[in-house]
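# Structure at a glance
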Amino acid sequence: MKKTVPLWVVLGVVVAAFLFTRLGGNRYIYFAGYFVLQYIVLATAWNVLGGYTGYVNFGTAAFFATGAYTALVLILAFKATLPVQIVAGALTAGLLGLGIGYLTLRLRGVFFSIATLALSVVLQTVVSNWEYVGGGKGLSIIRPKAPALFASHAEYLFVVMVLLAAASVALAWWVQNSRVGRGLAAIRDNEEAAECMGVPTLRLKLFATTLSGCLMGVAGTPFPYYVTLVEPGSVFSLDYAVNSLAMPMIGGTTTWVGPVIGAVLLGTAQQVATVTISSELNLLIVGIVLVAFVMLAPQGIVGLVQRLFHRRSR
Amino acid sequence: MAALLEVRGVTKRFGGFQALSDVSLEVREGERFGLIGPNGSGKTTLINCISGALGTDGGTLVFRGKDITRLPAHQRTRLGICRSFQIPRPFTSMTVLENLCIPLEYAAHGQVPRSAVASEAMEILRLMGLDAKAQARPADLTGIDMRKLELARAMAAKPRLLISDEAMAGLSPAEVDAILPILFALNERGITIIMIEHIMRAVMRFSQRIAVLDAGEKIAEGTPEEVVSNKRVEKAYLGE
Ligand SMILES: Nc1ncnc2c1ncn2[C@@H]1O[C@H](COP(=O)(O)OP(=O)(O)O)[C@@H](O)[C@H]1O
Ligand SMILES: [Mg+2]
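Report on the accompanying structure. From a predicted model like this one, the values you see are computed outputs, not experimental measurements.

## A look at the packing of helix α3 (residues 60–78) of chain A against helix α12 (residues 238–251) of chain A
Angle between the axes and distance between the axes: these two values describe a pair of packed helices. All names here are of chain A. In the contact formed by α3 and α12, the axes pass within 7 Å of each other and the chain directions differ by 115 degrees. Helix-helix and strand crossings are classified by hand; for α3 and α12 the assignment is right-handed. Counted together, T60, A61 and F64 of α3 and Y240, A241 and S244 of α12 form the full contact between these two elements. Classifying every residue of the contact of α3 with α12 gives four nonpolar, two polar and no charged.

Given below as structure tokens:
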């Protein structure tokens, strides 16, 4: 396949999203759409490390929050524009990923997961005591006027999130089909054998933690403008860790498409549940669905479909 | 013949347990070298130290005149050392063919053009008699095919020194006879081979020189005839 195809797809998707906003429509659609798109980014980011490489990260909230608080600081200090916030959030969260990778990747399996969970707790404590960003109570910010061409800020954020989601998925697609991706799969299958076959396992794992952290941070950067009230309780919510793990598991972890399917299904289900029942039920729904999948279809939806095809082609 | 690999006074401890004590040996370019010893004598540990899977607690490793004692394993592989694992460790999510593409793309990076990776992998599978299983998953392989895959994958790293860690353990005599010619053929192509084996018949037939480990110490070294007639070796194998 031509290398430029993903670029054109990303561009096409973004233009389509922009045209869609020109149709007007209900504000709620953009709000809910943003929610699902944000999880496409998070689930895709999680999967680069968790699915491709086999290291389960429980610290999604830490990276997401790094993006969100980087954006908040830039808003407070310089009234920085959203594109600047996104680039800065990507860099800080990527650096955090690299640092955590260095500190923890010698820990295998469950110990790595616990370390990432601890990271979340530590960062939340730090931020809760940082008065400049509102401490534990949080901080309200005011959205600037929507940029030209956009009727409202909600629509602007929606289109930005479409771009971020499409770009993340394209990146994940590229990684999966590259030499790097095959190296990551070798690490996931058997790390010692991978190293013995010439795979620079430490370097590749650092690449995965950095890229994964970077994308999670990116998902968090538009968050201050999305919610306008930034407080540690919601930025470090358990939802992020649980969802970004559950979505790829449900969709399927070995390909780029699994996290997208999982995010669309679970994200939509949660939006519907929030509107019709209560948001308190969200994690419960996720938990039940996840347990069902782990028991009945450990390869996720992608695995189910592949098995179906296999049977037919025989 | 020049020394390809020099092991000089290598020592390895696990906690208080001395797994290797001051082991020295030399493997020459193009040689077929056997490494034997009772169970638990430290053969796999020595291989782990040579391949870089384990660090050493003392001693020096020299490969092609270069000190590799502190090099990470993947760099040793790129220099030309590759080993198979005693307990096979295939890449389980990949097909047999894809298993070989990993070393071809990494260990042999730059030696094999990208477009030739798949055909090269197929070539090695054919040599090993595994070509019919190219699209199978490791989980669906028989015991002997799994051993062949271990060797094929190590081959795909294009090693100068191939270390085979009990590639024939648990195989029937007929299956051993199927694997031995493969190793001979690889050696004919100029690859130096260290064979670790429990099956004496196979090592004796294969090796030009043999070293014997017992309780982490090298107790003998020489031609197969010299080694079998050595009193210490007899004692190590048969007890007092
Ligand atoms: N990673 C390890 N940790 C602790 N002890 C080990 C480890 N690897 C090997 N040993 C011990 O070192 C000794 C030598 O083992 P090994 O090298 O596997 O022997 P061989 O391959 O000759 O059968 C054994 O007593 C084994 O229990
Ligand atoms: Mg052994």
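Past the structure itself, the notes keep going.
## Quick notes on the environment of B:Y106
Considering the arrangement of structural elements, one finds B:Y106 in the loop between α3 (96–105) and α4 (117–128). Put simply, B:Y106 and B:H74 are 32 residues apart on the chain and 8.8 Å apart in space, counted from C-alpha to C-alpha. If we skip the residues at most four places from it in the chain, B:Y106 touches A:R179, A:V180, A:G183, A:M197, A:G198, A:V199, A:P200, A:L204 and B:R78.

## Points about the site of ligand 1
Residue and element names in this part refer to chain B. Around ligand 1 sit F14, F17, A19, P38, N39, G40, S41, G42, K43, T44 and T45, and that is every residue in its neighbourhood. Side-chain polar atom of N39 to an oxygen atom of ligand 1: 3.5 Å apart, as the coordinates give it. S41 places a main-chain nitrogen or oxygen 3.3 Å from an oxygen atom of ligand 1. In the complex, the protein chains occlude 60% of the 560 Å² of accessible area that ligand 1 would expose alone. At the level of elements, β2 (17–28) and α1 (43–51) are the ones that each hand at least two residues to the shell around ligand 1. A per-element tally of the shell around ligand 1 places α1 first, with three residues.

## Concerning the interface of chain B and chain A
Accessible area lost when the parts come together is the quantity often used to give the size of an interface. Opposite the 25 residues of chain B that make contact, chain A presents 20 residues. Overall, the association of chain B and chain A removes approximately 2000 Å² of surface from exposure, summing both partners, and the carbon and sulfur fraction of that is 56%. Considering only the side of chain B, the residues that lose the most area to chain A are B:H74, B:F91 and B:Y106, jointly responsible for 32% of the buried surface there. At the junction of chain B with chain A, the criterion picks out two salt bridges. Between A:R182 and B:E105 there is a salt bridge, with its nearest N and O atoms 2.6 Å apart.

## Remarks on the coordination of the magnesium ion (ligand 2)
Residues and elements named next belong to chain B. Coordination sphere of the magnesium ion (ligand 2), protein contribution only: T44 (OG1) and Q86 (OE1), at 2.0 to 2.2 Å. Here T44 is found in helix α1, whereas its partner Q86 is found in the loop between β6 (81–83) and α3, with 42 residues between them in sequence. T44 sits in the partly exposed class, given a relative accessible area of 26%.

## Looking at the sheet that holds strand β9 (residues 209–214) of chain B
All names here are of chain B. Strand order in the open sheet made by the six strands is β6-β7-β8-β3-β9-β10, with mixed pairing throughout. Strand pairing shows two members of the sheet lacking a second neighbour, β6 and β10 (217–222), which therefore form its edges. Shown here is a sheet whose adjacent strand axes are inclined to one another by a mean of 20 degrees, direction ignored. In this sheet, strand β7 (residues 161–165) lies alongside β6 in parallel orientation, the contact comprising three bridges. Bridge pairing links I81 to L161 in β7. Contacting β3 (32–36), β6, β7, β8 (192–196) and β9, α1 runs over the sheet at an angle of about 145 degrees to β6. Across the sheet, helix α6 (residues 173–188) lies against β3, β7 and β8, angled at about 150 degrees from β8, the strand it touches most.

## Some points on the pairing of strand β4 (residues 58–63) of chain B
All names here are of chain B. Judged from the five bridges that link them, strand β1 (residues 3–14) and β4 form a sheet pairing that is antiparallel. Counterpart to R8 in the pairing with β4 is T60. Alignment of β4 against strand β5 (residues 66–67), held across two bridges, turns out to be antiparallel. Residue pairing across strands places V62 opposite D67, the latter belonging to β5. Hairpin connection, β4 to β5: the antiparallel pair is bridged by two residues, and R64 has positive phi, about 50 degrees.

## Let's talk about the nonpolar core
Of all hydrophobic cores here, the largest spans 146 residues; its most connected members are A:Y69, A:V235, B:L162, B:M168 and B:L183. When residues of this core are assigned to their parent elements, the largest contribution, 15 residues, is made by helix α6 (residues 153–176) of chain A. When residues of this core are sorted by domain, at least three fall in each of domain 1 (1–80 + 159–240) and domain 2 (88–156) of chain B. Setting aside its immediate chain neighbours within four residues, B:M168 contacts B:R147, B:V176, B:I179, B:L180, B:L183, B:M195, B:E197, B:I199 and B:A202.

Reading guide: rules and limits
Residues numbered from 1 in each chain as written. Chains lettered and ligands numbered in written order. Predicted model: local features only at pLDDT ≥ 70, side-chain atom pairs only at ≥ 80, totals over all residues. Heavy atoms only, no water. Axes fitted to C-alpha atoms, helices over the stretch in contact; angles between N-to-C directions. Helix = DSSP H or I, 4+ residues; strand = E, 2+ residues; numbered from the N terminus. Left-handed = near helix turned anticlockwise from the far one by under 90°. Contact = heavy atoms within 4.5 Å. Nonpolar A, V, L, I, M, F, W, Y, C, P; charged D, E, K, R; others polar. Near = heavy atom within 4 Å. Polar contact = N/O pair within 3.5 Å; in protein donor to acceptor, adjacent residues only side chain to side chain. Areas by Shrake-Rupley, 256 points an atom, 1.4 Å probe, with all protein chains shown as cover. Buried area = accessible area lost by both parts, 1.4 Å probe. Salt bridge = Lys/Arg side-chain N within 4 Å of Asp/Glu carboxyl O. Donors = N, O, S within 2.8 Å, 3.2 Å for Na, K, Ca; no water. Buried < 20%, exposed > 50% of the residue type's maximum accessible area, 1.4 Å probe, protein only. Pairing = 2+ DSSP bridges. Core = buried A, V, L, I, M, F, W, Y, C linked by side-chain atoms within 4.5 Å. Domains from an automatic or database assignment.

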